[in-house]
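Each chain, letter by letter, is given below.
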Amino acid sequence: MSISAQVRHALVKRRLARLHNLHDFEAAARRYLPRAIFAYIANAAEDGRAFLANRDAFDDYGLVPRVLVDVSRVTQETTLLGLPMASPFGIAPMGLGALWAYRADVVLADAARAADIPMIMSGSSLIRMETIGGQDESTWFQAYLPAGRETIEALISRVQAAGFTTLVITLDTPVATNPDNLRRAGFSSPLKPSLRLAWDGLSHPGWLCDTFLRTLMRHGMPHFENNYASRGAPIFSPHVNRDISDRGHLNWDDLAFIRERWPGRLVLKSVLHPADAARARVLGVDALIVSNHGGRQLDGALSPLRALPGILATAGDLPVMIDSGFRRGTDVLKAMALGAAFVFIGRPFAYAAAVGGEAGVAHAIDLMQAEIRRDMALLGITRLDQLGRDHLAALTMLGERGLTQPTATSAREPHTDRTQHDQP
């Protein structure tokens, strides 16, 4: 290991030693990343109502533990779509990763694989899908579908050739979100060189050297690599918005077309309406992810946790997963007690990759696994299949809900710097 690598490793190790839960990664990333890049990850659409609702929803339920249960041996292993998983959570798709961490998608995939949990690669990645695909069935690919059946079929063929066996289609991006918060934060789409952006980078030398310049020197200017069967536009290209936002044409016939041609597992993400869940079941998809995109798309959208019971009522035997707003082990267990098959977490793992690379992501995974293990023991269960609605009490009285206070300001307050894309 070179001296510079040793120094970097020591700095990361010292930085991670001060981070004790997923909330802590956000504060660390705020300090480490340029303002515009941090704002891109932290995005909450418009006034942040959907963002706040995602966190508030967990206060709808209190946990009801059982006592005098032997919890000396607790396992959080589970099975998802026939695949064994070490824990009931995975890493959600997050776009433009190469801007906030060096080789972010590779880092996230490697850390997830080492922990035996799934990671979903974003269609808005700046790293080619072929770099990650084919290494493990727990690495999935999330596609933003282009216009035209031939173009869609070509992209699907590429995903299959890259070695992915699970395809996730995100459905809540027919148009780009309101860009007002994005502009206010200094993050434009496409990126536009400016004195403000230059100073933003220069004033954060760790990110500038370890992420941006390192990427330029070793891999060149980042491009949108996976929107089509061929390479997409560079991040500074005026064609970026066309490439990532031209999805208003998609309909259920397109999904039926995909189902006929995609031989692997097909998952639909961003389902909030029970009628859509029922239609997806008839179409023959393999699973659903209940999501409002982490509050990044339609402000005021129903929180996934509150939408979950209605989706389960019409989804039949389809596995129903969930994302958006999950930060604690108790959050995960509340969703699973309601009937969710699995949970995906986004922003905290982006922050973890930014401040610590693969070691940061591994540390975040370890912290969440430790919380779930501890919380299961405190609930009086030793396996996830013992978890049920009897472990929840609905807090319907205002007085009861008023007793619940946030444990961290960052968990409940939207950021003034907000932009757009994946990150639940």
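Whatever comes next refers back to the structure up there.
The structure reproduced in this document is the subject of the present report.

Conventions we followed
- Residues numbered from 1 in each chain as written.
- Predicted model: local features only at pLDDT ≥ 70, side-chain atom pairs only at ≥ 80, totals over all residues.
- Heavy atoms only, no water.
- Helix = DSSP H or I, 4+ residues; strand = E, 2+ residues; numbered from the N terminus.
- Rg over C-alpha atoms; globule rule 2.2 N^0.38 Å.
- Contact = heavy atoms within 4.5 Å.
- Areas by Shrake-Rupley, 256 points an atom, 1.4 Å probe, with all protein chains shown as cover.
- Buried < 20%, exposed > 50% of the residue type's maximum accessible area, 1.4 Å probe, protein only.
- Polar contact = N/O pair within 3.5 Å; in protein donor to acceptor, adjacent residues only side chain to side chain.
- Pairing = 2+ DSSP bridges.
- Right-handed = clockwise from strand over helix to strand, strands pointing away.
- Expected span 1.5 Å × (residues − 1).
- Arc of directions from axis to C-beta.
- Core = buried A, V, L, I, M, F, W, Y, C linked by side-chain atoms within 4.5 Å.

For the chain, the count of helices and strands is 18 helices and 12 strands. For 424 residues, the compact-globule estimate of 2.2 N^0.38 gives 22 Å, and the C-alpha radius of gyration of the chain, at 21 Å, lies within 12% of that figure. With the principal axes as the frame, the chain shows a C-alpha extent of 60 × 50 × 40 Å. Long-range pairs, those at least 24 residues apart, make up 75% of the contacts in the chain between residues at least 6 apart in sequence. Surface summary for the chain: the accessible area is close to 17,300 Å², and the carbon and sulfur share equals 54%.

This paragraph deals with the side chain of Thr215. Tracing the backbone through its elements, the reader meets Thr215 in helix H10 (residues 205-219). Classification of Thr215 as buried rests on a relative accessible area of 7%. Looking at Thr215, its side chain comes within polar contact range of the main-chain oxygen of Thr211, at 2.7 Å. Not counting the four nearest positions on each side in its chain, Thr215 is found in contact with Ala98, Tyr102, Gly220 and Pro222.

Most of strand S7 (residues 166-170) is tucked away, with 5 of its 5 residues classed as buried. Of the two faces of S7, the one holding Thr166, Val168 and Thr170 and the one holding Leu167 and Ile169 are both buried throughout. Across 3 bridges, strand S6 (residues 139-143) lies against S7 in parallel orientation. When the sheet's bridge partners are listed, Phe141 is paired in S7 with Leu167. Read as a crossover between parallel neighbours, the route from S6 over helix H7 (residues 149-161) to S7 is right-handed. Pairing of S7 with strand S8 (residues 265-269) involves 5 bridges; the strand directions are parallel. Within the sheet, the bridge partner assigned to Thr170 lies in S8 and is Lys269.

Here H7 spans 18 Å end to end across 13 residues, near enough to the 18 Å set by a 1.5 Å rise per residue. Looking at H7, one finds that the buried residues are Ile152, Leu155, Ile156, Arg158 and Val159. Within H7, the buried residues cover an arc of 160° as seen down the axis, which keeps them to one side. For H7, exposure combined with an orientation more than 90 degrees from the buried face picks out Glu150 and Ala161. Buried positions along H7 lie against S6, S7 and helix H12 (252-261).

Attention shifts here to the environment of Ser138. For Ser138, the position within the fold is in the loop between strand S5 (119-121) and S6. Separated by 99 residues in sequence, Ser138 and Ser237 have C-alpha atoms that sit 33 Å apart. Sequence-distant contacts of Ser138, defined by excluding residues within four places in its chain, comprise Met85, Ile117, Pro118 and Met119. A distance of 2.6 Å separates polar atoms of two side chains, one belonging to Ser138 and the other to Asp136.

With that settled, the discussion passes to unusual backbone geometry. Unusually for a residue other than glycine, Glu46 sits at a positive phi of about 50°. Judged by relative accessible area, Glu46 falls into the partly exposed class, the value being 34%. Its identity is not glycine, yet Leu96 carries a phi of approximately 60°, on the positive side. Tracing the backbone through its elements, the reader meets Leu96 in the loop between strand S4 (89-91) and helix H5 (97-100).

This paragraph deals with the environment of Asp323. By the element assignment, Asp323 lies in strand S10 (residues 320-323). For Asp323, a relative accessible area of 1% gives the class buried. Sequence-distant contacts of Asp323, defined by excluding residues within four places in its chain, comprise Lys269, Ile289, Val290, Ser291, Asn292, Pro304, Phe344 and Pro424. Within the local environment of Asp323, its side chain forms a polar contact with the side chain of Ser291, the two groups lying 2.6 Å apart. Among the polar contacts made by the side chain of Asp323, one reaches the side chain of Ser324 at a distance of 2.7 Å.

Attention now goes to the nonpolar core. The nonpolar side chains of soluble globular proteins are, as a tendency, buried together. Core analysis: the largest hydrophobic core is formed by 108 residues, its most contacted members being Phe25, Leu33, Trp100, Ile258, Leu288, Phe349 and Val361. For this core, the element with the most residues is helix H16 (residues 347-379), which contributes 15 residues. When neighbours within four sequence positions are excluded, Val361 is seen to be in contact with Ile91, Val107, Leu108, Ala111, Phe349, Ala352 and Ala353. The next biggest cluster of nonpolar side chains, apart from the first, holds 14 residues, and it includes Leu83, Ile120, Ile289 and Phe342.

It is worth spelling out the environment of Asp299 at this point. Relative to the assigned elements, Asp299 resides in the loop between strand S9 (287-290) and helix H14 (304-315). Put simply, Asp299 and Glu46 are 253 residues apart on the chain and 6.2 Å apart in space, counted from C-alpha to C-alpha. Excluding anything up to four places from it in sequence, Asp299 contacts Ala45, Glu46, Asp47, Gly48, Arg49 and Ala50. Reaching out from Asp299, the side chain makes a polar contact with the backbone nitrogen of Gly48 at a distance of 3.4 Å. At 2.7 Å, the side chain of Asp299 forms a polar contact with the backbone nitrogen of Arg49.

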